[in-house]
Amino acid sequence: MTVGAAEALIVVDVQHDFLPGGALAVPDGDAVVAPIRALAARFRTLVLTQDWHPAGHVSFASAHPGRAPFETVRLAYGEQVLWPDHCVQGSAGAALAPGLDLPGAALVLRKGLSPGVDSYSAFVEADGTPTGLAGYLRERGVRRVVLCGLATDYCVAWSALDARAAGFEAAVVADATRAIDQGGSLAAAWARMEAAGIGRATSADVTGS
């Protein structure tokens, strides 16, 4: 894959709370930082996303008395996994990971701001509301997005699937992602992405023009 003006790198949710020791740690999550830094240098359009939840967010188990993290509830927009409190606006846990200071980033997109709606995807909130990212990328002439970050089986996969639904080509860089992988969620995510025509790449596959 040769990167040019028509490609964008989307770095998904590489934040303190998703790293080892964080509130919702992704196993080996800190291992994505080095490959992402290398990838970022090859792209002209670079987007970072952050989970950015208000306190008491509907996706937090603590907002549902009697419920525990990783249980599910039915909300107006569908089934919602309940998570430990994480990436609360302005908290240390919501900050980008150490080493992810990427001055070439044109956009930092914060998602999950609505108290009553979650947003795994960088493109569409859980209730179907667009984030505006698709329009931003089209205005910049982007036709293909390359995704990396945390976690493969949730925010990365949903972002990739919604990128395809919005008409972009999409690929996920497997060695620059890590997964939560509960109950076969990683294999299921890759199967959904493959069925949608999303490529699976490695960092070595992505070269600058």
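Everything numeric here is computed off the predicted structure, so don't read it as measured data.

Relative to the assigned elements, S59 resides in the loop between β3 (45–51) and β4 (72–75). Its relative accessible area of 0% is what places S59 among the buried residues. A polar contact is formed between the side chain of S59 and the side chain of H57, at a distance of 2.8 Å. Those residues in contact with S59, other than ones at most four positions away along the chain, are H53, Q80, V81, L82, W83, H86 and D118.

On to the pairing of strand β7 (residues 144–150). A regular strand places its side chains so that they alternate between the two faces of the sheet. Most of β7 sits out of view: seven of its seven residues are buried. Side chains R144, V146, C148 and L150 of β7 all project onto a buried face; the interleaved residues V145, L147 and G149 project onto the opposite face, where all are buried too. Relative to β7, strand β2 (residues 7–12) runs parallel, the two being bridged by six bridges. Bridging across to β7, A8 finds its partner in V145. One ladder, built from six bridges, connects β7 with strand β8 (residues 169–178); its direction is parallel. When the bridges of β8 are listed, V146 appears paired with A171. Handedness of the crossover is the feature at issue here: the chain leaves β7, passes through helix α3 (residues 152–165), returns alongside β8, and the resulting connection is right-handed.

For the rest of this paragraph, the subject is the packing of aromatic side chains. By convention here, two paired aromatic rings are described through the distance between centres and the angle between planes. By the definition in use, this model includes six aromatic pairs. Here a set of aromatic residues connected by ring pairs shows up, and it is made of F70, W83, Y120, Y154 and W158. Directly above the aromatic system of W52 lies the positively charged group of R110, at a separation of 3.6 Å from the ring centroid. The ring centre of W190 lies 4.0 Å from the NZ or CZ of R200, which sits over that ring.

Bringing unusual backbone geometry into the picture now. Here the bond from L150 into A151 is cis, since omega is -15°, no more than 30 degrees from zero. Turning to its location among the elements, A151 is positioned in the loop between β7 and α3. Phi at D28 is positive, roughly 65°, even though this residue is not glycine. Tracing the backbone through its elements, the reader meets D28 in the loop between β2 and α1 (33–40).

Calculation rules
Residues numbered from 1 in each chain as written. Predicted model: local features only at pLDDT ≥ 70, side-chain atom pairs only at ≥ 80, totals over all residues. Heavy atoms only, no water. Helix = DSSP H or I, 4+ residues; strand = E, 2+ residues; numbered from the N terminus. Buried < 20%, exposed > 50% of the residue type's maximum accessible area, 1.4 Å probe, protein only. Polar contact = N/O pair within 3.5 Å; in protein donor to acceptor, adjacent residues only side chain to side chain. Contact = heavy atoms within 4.5 Å. Pairing = 2+ DSSP bridges. Right-handed = clockwise from strand over helix to strand, strands pointing away. Phe/Tyr/Trp six-rings, centres within 6.5 Å; stacked < 30°, edge-to-face > 60°. Lys NZ or Arg CZ within 6 Å of the ring centre and 35° of its normal.

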